[in-house]
Amino acid sequence: MATFTGAVRNLMMTPKLADVSFAGRGFPVRETAATRRLEAIPQAVICGFEWAIDAKSRWEVERRLELVEAEHRGFAYEGATMAYTVRDAMAGGRGVRAKELLSGSGQPHIFLTYIGIGFAMARLPRPLWRNVLPDLTGTPYYPTMSWLAVDGLGFDRAYFHTRKWVTEQARPKAYPWQGHPKYFGRAWDQGVGRALWFIHGGHVADVATAVDRFDADRQSDLWSGVGLAATFAGGTDGAGYAQLRTFSGPFAADVAQGAVFAAKARAFSGCEPAHTQLAVKTLAELDIAAAAALADDVAADGLTARGEPEYEIWRRLVRDAVPVA
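Reading the values: the criteria
- Residues numbered from 1 in each chain as written.
- Predicted model: local features only at pLDDT ≥ 70, side-chain atom pairs only at ≥ 80, totals over all residues.
- Heavy atoms only, no water.
- Salt bridge = Lys/Arg side-chain N within 4 Å of Asp/Glu carboxyl O.
- Buried < 20%, exposed > 50% of the residue type's maximum accessible area, 1.4 Å probe, protein only.
- 1 Å grid on protein atoms, 1.4 Å probe; cavity = no way out; pocket = protein on both sides within 12 Å on 5 of 7 lines; lining within 4 Å.
- Points joined across faces, edges and corners; volume = space filled by probe spheres on them.
- Helix = DSSP H or I, 4+ residues; strand = E, 2+ residues; numbered from the N terminus.
- Nonpolar A, V, L, I, M, F, W, Y, C, P; charged D, E, K, R; others polar.
- Core = buried A, V, L, I, M, F, W, Y, C linked by side-chain atoms within 4.5 Å.
- Contact = heavy atoms within 4.5 Å.
- Arc of directions from axis to C-beta.
- Lys, Arg positive; Asp, Glu negative; His and termini not counted.
- Polar contact = N/O pair within 3.5 Å; in protein donor to acceptor, adjacent residues only side chain to side chain.
- Expected span 1.5 Å × (residues − 1).
- Axes fitted to C-alpha atoms, helices over the stretch in contact; angles between N-to-C directions.
- Parallel < 35°, antiparallel > 145°, perpendicular 65-115°, else oblique.
- Left-handed = near helix turned anticlockwise from the far one by under 90°.

## So, the pattern of salt bridges
Tallied over the full model, the rule gives 24 salt bridges. For R157, the salt bridge goes to D156, with nearest N and O atoms at 2.4 Å. Comparing R157 with D156 shows no difference in burial state: the two are buried. Shared partners join several salt bridges into a network, and the residues in it are R186, D221, D254, E312, R315 and R319.

Following this line, the structure appears as structure tokens:
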């Protein structure tokens, strides 16, 4: 685990755009128009981080973010949230900058901004994690969806330390996020699943092979992450999505659940790209509007249950409701 001083030193060295490209990471991806579009996503995150890490004016950061094309804007907000979370932690505060961003212009991208908090956690000493989540009372999906921060942490570790977390399949040390330390590894694996989609450039057969290498008890969460990434980020075509549903086999409902959450996030942001519509239709047999409505409907009576995070209850309700055999 990094020391406080080491973390500060690391944060002063913003990754170059080439460093987060597939070639820069050494991923086995054949370059195509689709993969170039996919790898622009981590580069958008880096841009958001660079704009916010030392900016004096939030207005200037938000103005830059709004210049990013709509399909990638949420990813730039991820990076900005990461930067503000780091700045808040280093200043000893509790989410002042991040809270202002997430309660304001970042609110349509709240699903992705939680992931940005996870990216910050990957670069902060563990003792600082207890204060990284700002109080967003009154903001939609708080604190239920804050588990996406842990998802983001798992994604980051798999993307940047692939040998340890993917090849060697290391498991993270539990952490009591939202009072549920036993669930920490499951949320982490959802992020690892998302990372696998990027690591293999959306090539479905390779993604499926990668998931299959993991222990059986991890595969449902990994497949859920794959479904979320494939639907939200794109990276394949109609034939690829059909192949993804086939290759997921007994985990087709997990992939569909991830697709529904991605469609919900896209609908909430107001940007519904064609690939998301195609993906959720293929993977969950729903259009974006119906998927977003399903996510809301299953949660209408509340998500409370003893011993489980509300987030997991929501995931299970969606998984049980999708019209996928």
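## What to know about the layout of surface pockets
Reported here for the second largest pocket is a volume of approximately 280 Å³. Around the second largest pocket, the lining is made up of 18 residues, and of these R30, H200, G201, G202 and H203 lie nearest the centre. Secondary structure elements with two or more residues in the lining of the second largest pocket: α3 (33-53), α11 (204-212) and α13 (238-248). Residues that form the lining of the second largest pocket fall into these classes: 5 nonpolar, 10 polar and 3 charged.

## Regarding the nonpolar core
Counting residues in hydrophobic clusters, the biggest one holds 111 residues, and the most contacted among them are M145, W177, W197, F198, L244, V260 and W314. Ignoring sequence-local partners within four residues, the contact set of W177 consists of M121, W129, V132, L133, S146, W147, A149, V150 and F184.

## A short note on empty space enclosed by the protein
Scanning the model with the defined rule gives 2 cavities of 30 Å³ or more in all. As a volume, the largest cavity reaches approximately 90 Å³. Around the largest cavity, the lining residues are F111, L112, I115, M145, L148, R194, L228, F232, F261, A262 and A265. Listed by contribution, the elements that provide at least two residues to the lining of the largest cavity are α7 (110-121), α12 (219-233) and α14 (252-269). Its volume calculated, the second largest cavity comes out at about 40 Å³. Considering the residues around the second largest cavity, the lining is formed by D151, Q190, R194, S224, G225, L228, Q257, Y311 and R315. Breaking the lining of the second largest cavity down by element, the ones donating at least two residues are α10 (184-199), α12 and α17 (310-321). Examining the composition of the lining of the second largest cavity, we find that 3 residues originate from one element, α12, more than from any other. For the lining of the second largest cavity, the class distribution of residues is 2 nonpolar, 4 polar and 3 charged.

## Some words on α13
All of the buried residues in α13 are G240, Y241, L244 and S248. Looking straight down α13, one finds its buried side chains confined to an arc of 100°; they lie on one side. Counted as exposed and oriented over 90 degrees from the buried face of α13: A239 and T246. Where α13 ends, the next residue or the one after it, G249, has phi of about 50°, a positive value.

## Focus: the side chain of R87
Residue placement: R87 occurs in helix α5 (residues 70-90). Here R87 is buried and forms no salt bridge, its nearest opposite-charge partner D54 lying at an N-O distance of 6.2 Å. Reaching out from R87, the side chain makes a polar contact with the backbone oxygen of A52 at a distance of 2.9 Å. Excluding its chain neighbours within four sequence positions, the residues that come into contact with R87 are A52, I53, D54, A55 and R97.

## A closer look at the environment of A76
One can find A76 in helix α5. When residues no more than four places from it in sequence are discounted, the contact partners of A76 are A44, G48, L65 and V68.

## Examining α10
An α-helix turns once every 3.6 residues. As a result, residues three or four positions apart point the same way. Look at α10: 22 Å from first C-alpha to last across 16 residues, which is about the 22 Å you get at 1.5 Å a residue. In terms of burial, α10 is a largely internal element, 14 of the 16 residues being buried. G201 sits one or two positions beyond α10 and adopts a positive phi of about 60°.

## Regarding the environment of P250
The residue P250 is located in the loop between α13 and α14 in this model. Separated by 30 residues in sequence, P250 and S220 have C-alpha atoms that sit 9.0 Å apart.

## Comments concerning unusual backbone geometry
Of the consecutive residues Y142 and P143, the connecting peptide bond is found in the cis state with omega at -5°. Checked against the element boundaries, P143 lands in the loop between α7 and α8 (147-160). Phi is positive for Q169, close to 55°, though the residue is something other than glycine. Its relative accessible area of 18% is what places Q169 among the buried residues. Although it is not a glycine, E285 sits at a positive phi angle of roughly 60°. The residue E285 is located in the loop between α15 (274-284) and α16 (288-298) in this model.

## Comments concerning the packing of α16 against α17
At a minimum axis separation of 9 Å, α16 and α17 run at an interaxial angle of 125°. Relative to α17, α16 is oriented oblique. Handedness of the α16/α17 crossing: right-handed. Together, L294, A295 and V298 of α16 and W314, L317, V318 and A321 of α17 make up the contact between the two elements. Its residues assigned to classes, the contact of α16 with α17 shows 7 nonpolar, no polar and no charged.

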